[in-house]
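# Residue-level structural notes
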Amino acid sequence: MKRDSAEVTAASSSPRWSITKQLAWLYTLSAAIMLIFTSGFLYWVLITTLEQEDEQILNSRLQVLDLILRAGNIEALEREIAEENVGFPGSQYLTYSRVLDESGHTLYEAPGMNREIPPAVFPDSGASTGKTKEWRSATNRSYLLVARQTGGGDTRTLKRQIQVALDETSEEMLISRYEQYLIGVLLAVILGAAAIGIITARRGMKPLEDLTWAAERITASQLHERIDVAHWPRELVSLARAFDGMLVRLEDSFNRLSQFSADLAHELRTPINNLRGEAEVALSRPREAKEYREILASSLEEYGRLSRMIDSLLFLAKADSVQATVTCLPLDARAEIEKVIAFYEALAAEQDVRVICEGNGTIMADPILFRRVISNLLSNALHYTPAGGKISFSVHCIDGGMEVICCDSGTGIVQEHLPKIFDRFYRVSPSRSSTAEGAGLGLAIVKSIVGLHRGKIAVQSAVGKGTSVRIFFPAQPIPS
């Protein structure tokens, strides 16, 4: 196992090419392949064209001499051979001709041809009629040679052998210069393509560098930073927007965490200060047992408040966990609600508030959590419903599940506070919180429980008329 982990570590730490290098290398490689293929094709076309032209010149020369021999015009033949390159001293196509008799003796030849190109170097005209041969002379000049037999087909013409040589030295020099230029141009273009590829790749990767720089710049106090995608390529705009969306979520979560920490410190400070003050008063002078009991009873109330707050916070932390699950069972919604109403019956009677439940239906929910939702809603409604008021629960079936509605005739909530009433420790106003015994976590717990059931919650309220909370529970149970 240690060896495997060491190999994985070594593999992960091994250097890899950057995307810029990979893009530049692939761009250069593709450009080089296309350029080499194109240049090779053009080079092949050039060589093939020159070879065809050389063969055409040789064949044309052979035909001319053959026609003159068949015509028997010896003067024209001598003049044609002696003056074949006259007037073309710098021409690329210089030919040298020779006519031999049947025994191989030279009858006519171009001036100086015997010294440069002896008859024996030509291909056999009988075995290779019309076939060419490349040959290099002692003076390092290149020739293309061809030989052909003519005549002898009747008694009027004698059998003769025609030898023609084409000087290819100029063509070789042309091809050599072409090869040098071609190699130079290929190298220059490939290097230029590599440079362009690197520049293009770096420009293309510039947005990712900006994204990296932005990520490195972001701290807890700079979560408001955003990326300017005005000049980004379309392929990376979605990445930048996703990154900005992540920053928005992080900023919101961080703000919520900061606010939660501040609220938690504020909520814990009050009971702790109360406990400390009571302890300091108790220790300031000797007291009777009755006084100590009263102080301890008062402290016990504060301990209870702290205990309930901690229990609520622990529940919310578990509810926010991705591993949190609930066990849903079919419940008689009205029966469960009436059990909770019976528990608060004495408190409701003391406050002169009437609580009723209407409707019937079976709901898929966790029994304990469902009763806690109803208990928190009823407790909250009792806090803000004046004497003589009314709180009603109604249960009815809607598409896809069951809906539970809690309505009260209390003081109501200002519209601007409605989006925040499910936040932890949030209180609508000091006047409302002064009369409340809770820590501002009841409705947050309700929302968390509804979320665990994959339900929905909504609230409507009007100042002086009361508040209505609607909770929807889906009909299908949630897999545990």
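Data block above holds the structure.
Being a predicted model, the structure only gives us computed values, none of them experimental. (Residues numbered from 1 in each chain as written. Predicted model: local features only at pLDDT ≥ 70, side-chain atom pairs only at ≥ 80, totals over all residues. Heavy atoms only, no water.)

### Notes on the overall build of the protein chain
Applied cut-off: We count a stretch as a helix when DSSP gives it H or I for four or more residues in a row; a strand needs E for two or more, and each element gets its number in order from the N terminus. Classification of residues uses two cut-offs on accessible area relative to the type maximum, computed with a 1.4 Å probe and protein chains only: under 20% is buried, over 50% is exposed, and between them is partly exposed. Only heavy atoms enter the contact rule, under which two residues are in contact if any of them lie within 4.5 Å. Values of accessible area rely on a 1.4 Å probe in the Shrake-Rupley scheme; residue burial ignores everything except the protein chains shown.
When helices and strands are counted, the protein chain shows 12 helices and 12 strands. Classification of the 480 residues of the protein chain by burial places 36% in the buried group. Counting only contacts in the protein chain whose residues sit at least 6 apart along the sequence, the fraction spanning at least 24 positions is 63%. Summed over its atoms, the accessible surface of the protein chain is roughly 29400 Å², and 58% of this surface lies on carbon and sulfur atoms.

### Thoughts on the pairing of strand β2 (residues 106–109)
Strand residues, when the strand is regular, have side chains that alternate between the two faces of the sheet. Put simply, the test is: Paired strands are those between which DSSP finds at least two bridges.
Two elements, strand β1 (residues 94–100) and β2, share 3 bridges in a ladder whose sense is antiparallel. Bridged to V99 within β2 is Y108. If you look at the hairpin formed by β1 and β2, you'll find 5 residues sitting between the two strands, and G104 has a positive phi there, around 95°.

### Let's talk about the packing of helix α2 (residues 19–71) against helix α3 (residues 74–82)
Applicable threshold: Axes here refer to lines fitted to C-alpha atoms; in helices the fit is confined to the stretch in contact. Angles between the N-to-C directions go from 0 to 180 degrees. Working definition: roughly parallel below 35 degrees, roughly antiparallel above 145 degrees, roughly perpendicular at 65 to 115 degrees, and oblique for all remaining angles. Left-handed is the label given to a crossing in which the near helix is rotated counterclockwise from the far helix by less than a right angle, and right-handed is the label when the rotation is clockwise. As a working rule, the residues Ala, Val, Leu, Ile, Met, Phe, Trp, Tyr, Cys and Pro are called nonpolar, Asp, Glu, Lys and Arg charged, and the rest polar, with Gly in that last group.
At a closest axis distance of 9 Å, the pairing of α2 and α3 adopts a crossing angle of 155°. The orientation of α2 with respect to α3, classified from their angle, is roughly antiparallel. As for the relative orientation of α2 and α3, their crossing is left-handed in sense. Every residue of α3 that contacts α2 at R61, V64, L65, I68 and L69 is listed here: A76, L77, E80 and I81. Taken together, the residues of the contact of α2 with α3 break down into 7 nonpolar, no polar and 2 charged.

### Looking at the sheet that holds β2
With antiparallel pairing, 5 strands are arranged side by side in an open sheet as β2-β1-β5-β4-β3. Each end of this open sheet is capped by a strand with a single partner; those strands are β2 and β3 (132–136). Direction aside, neighbouring strands of the sheet carry axes that sit 25° apart on average. The sheet contact formed by β1 and strand β5 (residues 160–167) spans 7 bridges and is antiparallel. Bridge assignment links Y96 to a residue of β5, and that residue is A165. Along the sheet face, α2 touches β1, β3, β4 (142–150) and β5 and points at about 150° away from the line of β5.

### Section: the sheet that holds strand β9 (residues 390–398)
Read from one edge to the other, the open sheet built from 5 strands follows the order β7-β9-β10-β12-β11, with strand pairing classed as mixed. Each having just a single partner strand, β7 (354–358) and β11 (456–462) make up the two edges of the open sheet. Each strand axis lies, on average, 15° off the axis of its neighbour in the sheet, ignoring direction. Pairing geometry for β11 and strand β12 (residues 466–474), over 7 bridges, is antiparallel. Residue K456 lies in a different strand from β12, and its bridge partner there is F472. The strands touched by helix α10 (residues 367–384) within the sheet are β7, β9, β10 (401–408) and β12, with β9 carrying the most contacts at an inclination of about 145°. On top of the sheet, helix α12 (residues 442–452) reaches β11 and β12; it is set at about 145° to β11, its chief contact.

### Looking at α3
This is how it is decided: The arc refers to the directions leading from the helix axis to the C-beta atoms.
Where α3 is concerned, the buried positions are A76, L77 and I81. Taken end-on, α3 shows its buried residues confined to a sector of 125°, consistent with a single buried face. Residues of α3 that are buried sit in contact with α2, β1 and β2.

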